[in-house]
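# Descriptive analysis of the structure
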Amino acid sequence: MNRLGIESPRGLVAFAALTGCLVTMAVAALTGAGGVFAAAGLAGCGCELLLHRTAPGLMTRLGRLHMGATSRFEFRCVLLLLLLGRLHVTGPIGLAAAMTLVLCLLAGQALHAALTTLIRRRRALAVAARNIDLRRLDISDRPPRRLTEWPGQRILVYELSALLGLTASLTTGDARWVVAALTLAAGSSLITVVALVPYLVRATRRLPGAAEVLAEVDAWLIRHRPRTVLYFSGPRERADQVTRWLGPVAALHTPSLVILRERELLEALEPTPLPVLCVPSAAHLSQLDLSGVRVALYPANTGRNIHLLRIPTMQHVFLAPGDGDETAAVDPYSKVYDQVWVAGEAGRRRYVQAAVGVEEADIVEIGRPQLDGLRVAGAGHAPASTPTPLPTVLYAPTRDLAAGEPIVRALLESERPVRVLYRPHPPTGHRSPEDHAAHRRIVALIQAANERRAAEALAANAVGKGTFAAEALGADALAAEALGADALAAEALGADAVVTPDAIGEEPDDAQAPHTDATHTDTPHTEALRTEAARHRAELTKRIAALDARLRRADADEAMLTRDRAAPDPALLTEAEGLRREWHQAHWAASPPWLHQVIEGDTPTLHSCFDQADVLIGDPSDVVGDFLATLKPYALTVPAGVGEEEFRRQNVMARAAYPLGPGASGMQNLLRPLFDPSLDELRTARREVKELLLGPATPPSIQRFTDAVDALAEKGEAVVRLRDLHTASPPGTGRWSITR
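Residues numbered from 1 in each chain as written. Predicted model: local features only at pLDDT ≥ 70, side-chain atom pairs only at ≥ 80, totals over all residues. Heavy atoms only, no water.

### Regarding the overall build of the protein chain
When its secondary structure is counted, the protein chain shows 28 helices and 14 strands. Residues classed as buried in the protein chain amount to 51% of the 740 residues present. Once local pairs closer than 6 in sequence are excluded, the contacts in the protein chain between residues at least 24 apart make up 73%. A total accessible area of about 33500 Å² is found for the protein chain, and carbon and sulfur atoms account for 58% of it. (Helix = DSSP H or I, 4+ residues; strand = E, 2+ residues; numbered from the N terminus. Buried < 20%, exposed > 50% of the residue type's maximum accessible area, 1.4 Å probe, protein only. Contact = heavy atoms within 4.5 Å. Areas by Shrake-Rupley, 256 points an atom, 1.4 Å probe, with all protein chains shown as cover.)

Okay, here's the thing in structure tokens:
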């Protein structure tokens, strides 16, 4: 089903029914069975509508195969004319009128598609922007969505009108009904076309051309003089590579700018206070006045980087990938940059040993600014005053899900119970049929385990003790009662209350607190708190959706958003950040402490899962590299045929990891420290590997990043002054400077 773009059994049934309806209509048209034709047509309309809602991927695939909504509509129109000719209901004149109206309807659809395409292309400005004031360009509004979008649904309305008219004609024997219905459909189509003409004229005459847009952008650049540029080019699926650096760049104390090269990236970019400029054309990029920029940051190695690399007044920096020990991260292309910034000493060694032409003096260690907010185990926090729930194991694979099935099974069948959070990397499970099948089997295992635990939890409440559920629920109850006053105060505030970490029973900061075996049962107070958290999460979901609708207006196209997003709205951004933080708190509070979770989307975020987890299981990747910042125990899966010693030699982070061999061998060594932290023999090794991979804890990474930008900007200023000196004209002949 997934290969067809069908995501549910209901969509598959609708597709099969639609195919059957088309075949039935063809047979009915050939045999003159008008009633069967009308019934099959009406059923087909229902299937089309259902597929538009439940299987949009299938609709897209059919369109690429030239079997889209328009092609199917044209096919059914031909069948309708064939049926009318077979029935002799309309007579020669009526049949001619019906043919004329059908041709008008099809012509209207073709004109509508052409006008929509012309308007869309004409409204595509030379550049698109966010948080940059370009209002002087006098950009007009786009046509209403009801005129330009939903062509499939609009076609269904026309077809439904014709089928109802046919039904009336078959019932009464009067051909005027079908002719009137076709007249209504053709007229509506032509009215839509006429309504689009003024918008085409306005887009042609009033929208600014490339020269005018670039001149206005240059004026903004001269006024604001950004010193640092974050530059990115790549597909929408890789937008996280630039998104992760928005926060650190926004924290710089000098003006900065984000430059993107693909228009689709603007939609995928998270809300940010930074000015964002999307320049698809290399010719337009070369015309922009970027002479004030001193530092250019590149989160990815792509061919289109050359369009900015050729500007000599900038110092160009490659932000090296994370610390997944991937040899692909060391590329000879890196030597085109003035500097390469890595997280820690391991990154420096990786480039030096690879000998790809990057001088060691040009490698700068900046840490990982994105990880500064993670909670670190044992970082001086007071020990938990109440027992913690079941220990949580986060399984976050990035590849080879077939090897994950025995791992999850071993966790679910552990003698001492744990809670499992299964969060595969988003592309994992969709790369191959084998991974997808393994993913579904893992999900089924977790669902079955949750059903068993739910039954045991009910029994625990009835009996009062004797099961793991009673222990987990008892710990949850003690924590809730200890924090009950704060939680009740939050509940009393109602819908606008902020669910604080304490009020929702979030995991204590000291992740190494022992997990005790309580023997209490759930209490009405605990259940009330959890119910309130679930209600609050549902409300926050609606508020976040409403806020996203304000930030990503569906009624506005790219040109309108460029005009209307002239400046960031700090209050709106703060509200969005606060709502997402509250949502995560409410999400974890609403879940029973024994409930395993499968996390397949973007929420909860990976870092939120880090805060919940007591231990991580993964493979050598950036996920484990990020988790290392928490100093919590982690395990790495050892590929079959590779010995542990060789595995540790190949992967730096494996030196502080508990190894898991094929079939989840070594699981007990990993789980033992969860219940007795004194058995964690790799605690010291983790600190050493963390400093090697991510750099020292002090100064904070964000400070090292800021200092590196400032130092390189000063170097850039010195280089520009030197170039100006060398390019100065002799006295009396005028002077030209590259800095203009």
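There is more to say after this.
### Section: the sheet that holds strand β1 (residues 128–130)
Read from one edge of the open sheet, eight strands run β1-β4-β3-β2-β5-β6-β7-β8, paired in mixed fashion. Of all the strands in the sheet, the pair left with one neighbour each is β1 and β8 (363–365). Between one strand axis and the next, the sheet turns by 25° as a mean value, whatever way the strands run. Where β1 meets strand β4 (residues 276–278), three bridges bridge the pair, whose relative direction is antiparallel. Residue pairing in the sheet places R130 in a bridge with V276 of β4. Across the sheet, helix α15 (residues 345–354) lies against β6 (315–319), β7 (339–342) and β8, angled at about 165° from β8, the strand it touches most. (Pairing = 2+ DSSP bridges. Axes fitted to C-alpha atoms, helices over the stretch in contact; angles between N-to-C directions.)

### Here we look at helix α3 (residues 56–64)
Of the residues making up α3, those classed as buried are L58, M59 and L62. For α3, the angular spread of buried residues about the axis comes to 100°, placing them on one side. One or two positions beyond α3, positive phi appears at H66, with a value near 60°. (Arc of directions from axis to C-beta.)

### Side note on the pattern of salt bridges
All chains considered together, the criterion is met by 31 salt bridges. Note that R72 is salt-bridged to E48, the shortest N-O span being 2.7 Å. Placement of the pair is R72 in helix α4 (residues 69–87) and E48 in helix α2 (residues 34–54), with a sequence separation of 24 residues. One exposure class covers both R72 and E48, and it is buried. The partner of D611 in a salt bridge is R375, and the shortest N-O contact between them spans 3.8 Å. Of this pair, D611 sits in helix α23 (residues 606–612) while R375 sits in the loop between β8 and β9 (392–395), placing them 236 residues apart in sequence. Judged on exposure class, the residue D611 and its partner R375 are both buried. Counted as one network, the salt bridges with shared partners bring together E48, R72, R76 and E159. (Salt bridge = Lys/Arg side-chain N within 4 Å of Asp/Glu carboxyl O.)

### Concerning the packing of α2 against helix α7 (residues 151–172)
Where α2 contacts α7, the axes come no closer than 10 Å and their chain directions differ by 160°. Considering their axes alone, α2 and α7 lie roughly antiparallel with respect to each other. The element α2 and its partner α7 pack so that their crossing is left-handed. Taking contact as the criterion, the partners of G34, G35, F37, A38, G41, L42, C45, E48, L49 and H52 in α2 are, on α7, G152, Q153, L156, E159, L160, L163, L164, L166, T167 and L170. Classifying every residue of the contact of α2 with α7 gives 11 nonpolar, seven polar and two charged. (Parallel < 35°, antiparallel > 145°, perpendicular 65-115°, else oblique. Left-handed = near helix turned anticlockwise from the far one by under 90°. Nonpolar A, V, L, I, M, F, W, Y, C, P; charged D, E, K, R; others polar.)

### Examining the state of the cysteines
As enumerated under the stated definition, the model contains zero disulfides in all. A disulfide-free cysteine, C45 has its sulfur positioned 9.1 Å from the sulfur of C21, the nearest such atom. Since its relative accessible area comes to 9%, C45 is described here as buried. (Disulfide = S-S within 2.5 Å.)

### Topic: the sheet that holds β9
Strand order across the open sheet formed by six strands is β11-β10-β9-β12-β13-β14, with parallel pairing between neighbours. In this open sheet, the two edge strands, each paired with only one partner strand, are β11 (597–598) and β14 (658–660). Note that β9 and strand β10 (residues 419–422) share four bridges and pair parallel. Within β10, the position partnered with Y395 by the bridge is Y422.

### Concerning the packing of α4 against α7
With their axes 10 Å apart at the nearest point, α4 and α7 run at an angle of 15° to one another. Relative to α7, the element α4 lies roughly parallel. Once α4 is placed against α7, the crossing between them reads as left-handed. Each of A69, T70, F73, R76, L80, L83, L84 and L87 in α4 lies in contact with α7, whose residues at this interface are G152, I155, Y158, E159, A162, L166 and L170. For the contact of α4 with α7, a count of residues per class yields 11 nonpolar, two polar and two charged.

### Let's talk about a nonpolar patch on the surface
On the surface, a cluster of nonpolar side chains totalling about 240 Å² of accessible area is made up of L42, L160 and L164. Following the sequence through the fold, L164 ends up in helix α7. Its relative accessible area of 47% is what places L164 among the partly exposed residues. (Patch = residues over 30% accessible without salt bridge, like charges linked within 9 Å, V, L, I, M, F, W, Y side chains within 5 Å.)

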